[in-house]
Amino acid sequence: MSGRASTRVAVLLGGRSAEREVSLVSGAECAAALRTAGYSVIEIDAGPDLVQRLAEASPDVVFNALHGRWGEDGCVQGLLEWLGLPYTHSGVLASSVAMDKVKAKEVFAAAGLPVAEGRLVPRAEAATSHPLPLPYVLKPYNEGSSVGVYIVLEGANGPAQLAPDAPDLLLAETFVPGREMTVAVMGDRALAVTDIRAASGGWYDYAAKYSAGGSLHVIPAEIPEDVEAACRDIAVRAHQALGCRGLSRSDFRWDESRGLAGLILLEVNTQPGMTPTSLAPEQAAHAGVSFPDLCAWLVEDASCLR
């Protein structure tokens, strides 16, 4: 503990992505946990003066609690490597590829992992015609936390009614029915499988993710042993295929009617949420790792040139 007291940790939070508010909560939780673990902590809202703030703080380690673009896509990771500052979670390449859902799917497919059929479509096409047979999903190819996701089901009268701020390019994917599940990977260890059930009975959208009581997390998931083993194995292989470091979280859909063939890897999150309702800390606790210990492990795992 005395060694930790001399380790100065800068927690990056906030930022300017669509997930700023979630990051503010994640960062505050991580900062509090690191103080509990005995570290000297400073919180930095990542804005245009980030380089100056980091120079003034002179941290030994940077704890990345940013979510979304700029914080999760390799940008801030490249800045930290340029400054020679050790940091947590994944490096430049893994972060950038994981954030680009199209590139990530290519990596997963090359590694023999199950993914949904899909393609990039211009916004104009998605707004005027069905880019895939019904049912399908439309989503930004470089955002997280279910931001800007549209589900177009059988019987839809027309294409998705896109919001005015929808991006110019969208990823269209075949809709996979069934259950939503997730697996956190810590180092090279799959922690658990969680079955996620939205309280509304609908899909696991932004509100279900981050609102208190918005979803029910069943951990461990009540699923067949072979499906649980496959989820764990695929999560670790996806983590390794991308070159992730530290903590990641893989999201799945499972169509029970098809058995193992109905298990599909959706994406890998290189900066999993660290809020009171987040899944990765919950899985760590289930595996016997407290939240302060999880944050401390991430600090001890930090390095430059990841």
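J.: Which parts of the structure should I look at to understand the sheet that holds strand S5 (residues 136–140)?
T.: Hydrogen bonds between backbone atoms are what pair the strands of a sheet, whose relative direction is either parallel or antiparallel. If you trace the 4 strands from one edge of the open sheet to the other, you get S4-S7-S5-S6, paired in antiparallel fashion. Edge strands, defined here as strands with exactly one partner in the open sheet, are strand S4 (118–122) and strand S6 (150–152). The mean inter-strand angle of the sheet, taken between neighbouring strand axes irrespective of direction, is 25 degrees. In the sheet, S5 pairs with strand S7 (residues 169–174) via 5 bridges, with the strands oriented antiparallel.

J.: Please explain the packing of helix H2 (residues 20–36) against helix H11 (residues 291–301) as it appears in this structure.
T.: When two helices pack together, their arrangement is captured by the angle between the axes and the distance separating the axes. H11 packs onto H2 with a crossing angle of 90 degrees between their chain directions and a minimal axis gap of 8 Å. Classified by the angle between their axes, H2 and H11 sit roughly perpendicular to one another. Here Glu29, Cys30, Ala33, Leu34 and Thr36 of H2 lie close against H11, whose contacting residues are Phe291, Pro292, Cys295, Ala296 and Val299. Here the contact of H2 with H11 is composed, by residue class, of 8 nonpolar, 1 polar and 1 charged.

J.: Please explain the side chain of Ser278 as it appears in this structure.
T.: On the secondary structure map, Ser278 appears in the loop between strand S13 (263–269) and helix H10 (279–286). Within the structure, Ser278 has its side chain in polar contact with the backbone oxygen of Gly273 (distance 3.3 Å).

J.: Even after reading the chapter, I still don't get the pattern of salt bridges, so can you show me in this structure?
T.: A side chain of one charge can pair with a side chain of the opposite charge when the charged atoms of the two come close. Evaluated as defined, the whole model comprises 15 salt bridges. In this structure, the salt-bridge partner of Arg35 is Glu43, at a minimum N-O distance of 3.1 Å. Take Arg35: its relative accessible area is 40%, and that puts it in the partly exposed class. Given a relative accessible area of 31%, Glu43 falls into the partly exposed group. Across the pair Asp233 and Arg237 runs a salt bridge, and its minimum N-O distance is 3.2 Å. Here Asp233 pairs with Arg237, and both are found in helix H9 (residues 225–242), just 4 residues apart, close to one helical turn. Here Asp233 falls in the partly exposed class, since its relative accessible area comes to 38%. Owing to a relative accessible area of 32%, Arg237 belongs among the partly exposed residues under this scheme. Shared partners join several salt bridges into a network, and the residues in it are Arg179, Asp195, Arg197 and Glu256.

J.: Can you walk me through the side chain of Ser95 in this structure?
T.: When you line up the elements, Ser95 lands in helix H5 (residues 92–99). By relative accessible area, which is 0% here, Ser95 ends up buried. Looking at Ser95, its side chain comes within polar contact range of the main-chain oxygen of Ser90, at 3.3 Å.

Procedures and definitions
- Residues numbered from 1 in each chain as written.
- Predicted model: local features only at pLDDT ≥ 70, side-chain atom pairs only at ≥ 80, totals over all residues.
- Heavy atoms only, no water.
- Pairing = 2+ DSSP bridges.
- Helix = DSSP H or I, 4+ residues; strand = E, 2+ residues; numbered from the N terminus.
- Axes fitted to C-alpha atoms, helices over the stretch in contact; angles between N-to-C directions.
- Parallel < 35°, antiparallel > 145°, perpendicular 65-115°, else oblique.
- Contact = heavy atoms within 4.5 Å.
- Nonpolar A, V, L, I, M, F, W, Y, C, P; charged D, E, K, R; others polar.
- Polar contact = N/O pair within 3.5 Å; in protein donor to acceptor, adjacent residues only side chain to side chain.
- Salt bridge = Lys/Arg side-chain N within 4 Å of Asp/Glu carboxyl O.
- Buried < 20%, exposed > 50% of the residue type's maximum accessible area, 1.4 Å probe, protein only.

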